[in-house]
Amino acid sequence: LGVLTLVHGGQAMNPSTEDLIRAVAAVPSDHVVVLPNNKNILAVAAQVDALTDKTVRVVPTGSIVEGFAALLDYDPAAGAEANAAAMAASAGRVTAAEVTRAVRDATTEAGLVRQGDWLGIGPAGIVAVTDTVAGATLRLLEALLAPRHELVTLIEGEGATPADTRRITEWVRAERPGVAVEVHHGGQPLYPYLLG
C-alpha cells in the first residue's frame, strides 16, 4: 500500500523521535508521510519535520485500522501535503476498536471487570466485558456498528482463533447484512482483534 519503512513499537515500547528520524532518513524520498498509528506517538511524530531536511507530514492516525484506511487514499503521484490531507480525511472516517484482556480488577461503565476478563474497547472506552474473546468482540461490534458503516476490518492478533473469527464474521453477515467484512492477520500481541 505504499509503505516503505516500518518502525516497530507496542505496549511500553513507543518509538522515540530519533527512531522516527532514522526511519524518515531511510526512505528514498524528499517527501515523507508518517502514520503514527498510536495516540501516544502523535506528539513525537510532530517533531520530526523540524529535525530533518525532508518534508515530513504526519497523518494523526491513532490506531492501526486508521492507518490502513489512510493508506488506501495514498497517491504516489501526489506530494506529502496533498497525501496527508486525503489520508487524514480517510482515517477520520474510521471507528477504531480493540479487544484485550484485563490485567487487574476494575469497575467500569460497562460493569465490573475481573482480571482475565476480555474487554471490548471503543473510542469512548470499555463497552464490553465478557469471559470470551468472541463474546467481547461481538458485543463491541453490536455497540459500535451504525447504519452509516459499510465495512468491518478485523485484524487478527495473538489469541485469535479461526473458530472465533468465523463466529464474528458470520455474526456480522447475519446481523448487519449490508456490512462487508475483511479479515487480515496482523499477529499483534495482547490484542486478539483490532477492529475498524
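In what follows, the accompanying structure is described.

What counts, and at which threshold
- Residues numbered from 1 in each chain as written.
- Predicted model: local features only at pLDDT ≥ 70, side-chain atom pairs only at ≥ 80, totals over all residues.
- Heavy atoms only, no water.
- Axes fitted to C-alpha atoms, helices over the stretch in contact; angles between N-to-C directions.
- Helix = DSSP H or I, 4+ residues; strand = E, 2+ residues; numbered from the N terminus.
- Parallel < 35°, antiparallel > 145°, perpendicular 65-115°, else oblique.
- Left-handed = near helix turned anticlockwise from the far one by under 90°.
- Contact = heavy atoms within 4.5 Å.
- Nonpolar A, V, L, I, M, F, W, Y, C, P; charged D, E, K, R; others polar.
- Buried < 20%, exposed > 50% of the residue type's maximum accessible area, 1.4 Å probe, protein only.
- Patch = residues over 30% accessible without salt bridge, like charges linked within 9 Å, V, L, I, M, F, W, Y side chains within 5 Å.
- Areas by Shrake-Rupley, 256 points an atom, 1.4 Å probe, with all protein chains shown as cover.
- Salt bridge = Lys/Arg side-chain N within 4 Å of Asp/Glu carboxyl O.
- 1 Å grid on protein atoms, 1.4 Å probe; cavity = no way out; pocket = protein on both sides within 12 Å on 5 of 7 lines; lining within 4 Å.
- Points joined across faces, edges and corners; volume = space filled by probe spheres on them.

### With respect to the packing of helix 3 (residues 64-72) against helix 4 (residues 80-92)
Phase 1: With their axes 7 Å apart at the nearest point, helix 3 and helix 4 run at an angle of 135 degrees to one another. Looking at the two axes, helix 3 sits oblique to helix 4. Every pair of crossing elements has a handedness; the one defined by helix 3 and helix 4 is right-handed. Counted together, Glu66, Ala69, Ala70 and Leu71 of helix 3 and Met87, Ser90 and Ala91 of helix 4 form the full contact between these two elements.
Phase 2: For the contact of helix 3 with helix 4, the residue count by class is 5 nonpolar, 1 polar and 1 charged.

### Examining unusual backbone geometry
Phase 1: Backbone geometry places Asn37, a non-glycine residue, at a positive phi of 55 degrees.
Phase 2: Relative accessible area serves as the criterion here: at 25%, Asn37 is assigned to the partly exposed category.
Phase 3: With a phi angle near 75 degrees, Leu190 is a residue other than glycine that sits in the positive phi range.
Phase 4: Among the structural elements, Leu190 can be located in the loop between strand 9 (180-185) and strand 10 (193-195).

### Remarks on a nonpolar patch on the surface
Phase 1: A grouping of Leu1, Ile64, Phe68 and Leu72 is seen on the molecular surface, where their side chains present a nonpolar patch of about 390 Å² in accessible area.
Phase 2: Here Leu1 shows up in the segment before helix 1 (17-26).

### Structural notes on the layout of surface pockets
Phase 1: In this structure, the second largest pocket spans a volume of roughly 610 Å³.
Phase 2: Residue lining of the second largest pocket: 25 residues in total, with Arg93, Val94, Leu151, Thr153 and Gly196 positioned closest to the centre.
Phase 3: Elements represented by at least two residues in the lining of the second largest pocket include exactly helix 3, helix 5 (133-144), strand 8 (151-156) and strand 9.
Phase 4: It is helix 3 that provides the largest number of residues to the lining of the second largest pocket, a total of 4 residues.
Phase 5: Of the residues in the lining of the second largest pocket, the class split is 14 nonpolar, 6 polar and 5 charged.

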